[in-house]
Amino acid sequence: MKKTALTDVHIALGAKMVPFAGFNMPVQYTGINDEHETVRTAVGMFDVSHMGEFILKGEKALDLIQKVSSNDASKLYDGKVQYGYLPNENGGIVDDFLTYKIDDKTYLLVVNASNIDKDWDWISKFNTEGVEMKNISDETSLFAVQGPKAADALQKLTDIDLAPMEYYSFQKGVFAGVENVLVSATGYTGAGGFEIYVANENAEKVWNAIMEAGQEFGIKPIGLGARDTLRLEMGFCLYGNDIDDNTSPLAAGLGWVTKFSKDFVNSENLKAEKEKGVSQKLVGFEMIDRGIPRHDYEIVDAEGNKVGRVTSGTQSPSLKKSIGLGYVDAAFAKEGTEIFISIRNQPIKAIVRKPPFVK
């Protein structure tokens, strides 16, 4: 199992460690509900160094990104971040990822930990114009500092003016005395905050500096368990659960990052699918009766006919009720529609709700 630069720090902090995407990762420290609440109301820090980072450089770097990405990276300016996905040739999704434009010839792609090798091979397959590609995943640490107090906690460590940074933008600068740190106004929690990219050799120094700076704001280390409950309250997709090689990006609600103003992998087929309309849609739902929906539970109608399946589900710490995401037949996708989750062969009532569940 791979380790991040801070695996030993997490163990020393008393984290419960679990295997995740081939890495030994902290799933919780004080408990998921407590950590979740810390991020929603104050500030917490996740070590997400298992994520993958690729640098693409050269005259044709943008052309390569345009070919493999669903989104239109020509709209990026220096210091801007964009969400998109890598379509495969069979109507599914290789991965969802972020593109950072550093300058006209240099881009950083951030991909999911479980897909690093797969994504690298996929993008390389289309690199016919000699774009310089460098996989810096193994030498890069990434901390997500999330919550309403994140800017206050981090501002003492840098001259970068954090509060006015627009969502999905980034700057490079000196951070905690370390040069060339990338600070990004991004995150996977819906609570606001920043993501900090730093070389492994400076990871522990930066982690400790953030923990110290955030002490007065109640900062805590946060595990992957709360990361999952936080993202689910926002209705954010998780690769491997809600989207994968076999799910339609249009059915998954990713039409907003599917730009047919350019040609990209499988764009003609996706355009035809959009015109025809999708047979299933990914929806959010809230449990009316008691029960926790889990991945792959069947979704049924009032007569017990299968109309879909759950892809993600949890007890929402903020709402104190169970919520989930799942694919349902298009006729059941309208907000307010009553559906049933089959839990131990019992139909448990739920209602379709449009995420985010927590405003």
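Quick caveat, the model's predicted, so the values are computed rather than measured.

Peer 1: Could you clarify how one ought to interpret the side chain of D301 in this entry?
Peer 2: Mapped onto the elements of the fold, D301 is located in the loop between β15 (298–300) and β16 (306–316). The buried charged residue D301 lacks any salt bridge, with K306 as its nearest oppositely charged partner at 13 Å. Contact partners of D301, with chain neighbours within four places excluded, come to V307, F332 and F340.

Peer 1: I keep staring at the environment of G190 and nothing clicks. Help me out?
Peer 2: With respect to the helices and strands, G190 occurs in the loop between β11 (178–184) and β12 (193–199). C-alpha separation for the pair G190 and G147, spaced 43 residues apart in sequence, amounts to 8.3 Å.

Peer 1: Looking at this structure, I do not really get the sheet that holds strand β19 (residues 346–353). What am I missing?
Peer 2: Each strand in a sheet pairs with its neighbour through backbone hydrogen bonds, running either in the same direction (parallel) or in the opposite one (antiparallel). Sheet architecture is closed into a barrel: six strands sit in the order β14-β17-β16-β15-β18-β19, paired in antiparallel fashion. On average, each strand axis in the sheet is inclined to that of its neighbour by 45 degrees, with strand direction left out of account. Bridge count for strand β14 (residues 280–287) against β19 is four bridges, and the pairing is antiparallel. Paired with E286 across the two strands is I351, which belongs to β19.

Peer 1: I'm lost on the UniProt feature "domain: Aminomethyltransferase C-terminal" (unreviewed entry) in the protein chain in this one. Help?
Peer 2: In the numbering adopted here, UniProt assigns the feature "domain: Aminomethyltransferase C-terminal" (unreviewed entry) to residues 281–359. With 0% helix and 56% strand, residues 281–359 has end C-alpha atoms that lie 22 Å from one another.

Peer 1: I tried to follow the pairing of β14 on my own but got confused; where do I start?
Peer 2: Regular strands have side chains that alternate between both faces of the sheet. When you tally the buried positions in β14, you get six out of eight residues, the bulk of the element. Across seven bridges, β14 lies against strand β17 (residues 321–329) in antiparallel orientation. Bridge assignment links Q280 to a residue of β17, and that residue is D329.

About the criteria used
- The numbering scheme is per chain: residues are counted from 1 as the chain's sequence reads.
- Note on the predicted model: pLDDT of at least 70 is required for a residue's local features to be given, and 80 or more for side-chain atom pairs to be given and counted; whole-chain, interface and lining totals, by contrast, use all residues.
- By convention in this description, side-chain values take in all heavy atoms of the structure and omit both hydrogens and water.
- Counting from the N terminus, the helices are the DSSP runs of H or I reaching at least four residues and the strands are the DSSP runs of E reaching at least two.
- Note on exposure labels: buried denotes an accessible area under 20% of the residue type's maximum, exposed denotes more than 50%, and partly exposed covers the range between, all computed with a 1.4 Å probe on protein chains only.
- Note on charges: Lys and Arg go in the positive column, Asp and Glu in the negative column, and His and the chain ends are not counted at all.
- A pairing counts as a salt bridge when a side-chain nitrogen of Lys or Arg comes within 4 Å of a carboxyl oxygen of Asp or Glu.
- Contacts are assigned to residue pairs with any non-hydrogen atoms lying within 4.5 Å of each other.
- Note: two strands are recorded as paired if DSSP finds a minimum of 2 bridges between them.
- The axes used here are C-alpha line fits, helices contributing only the stretch in contact, and every angle between their N-to-C directions lies in the interval 0 to 180 degrees.
- UniProt positions are given in the numbering used here, feature names are shortened, and annotations may be inferred rather than shown by experiment.

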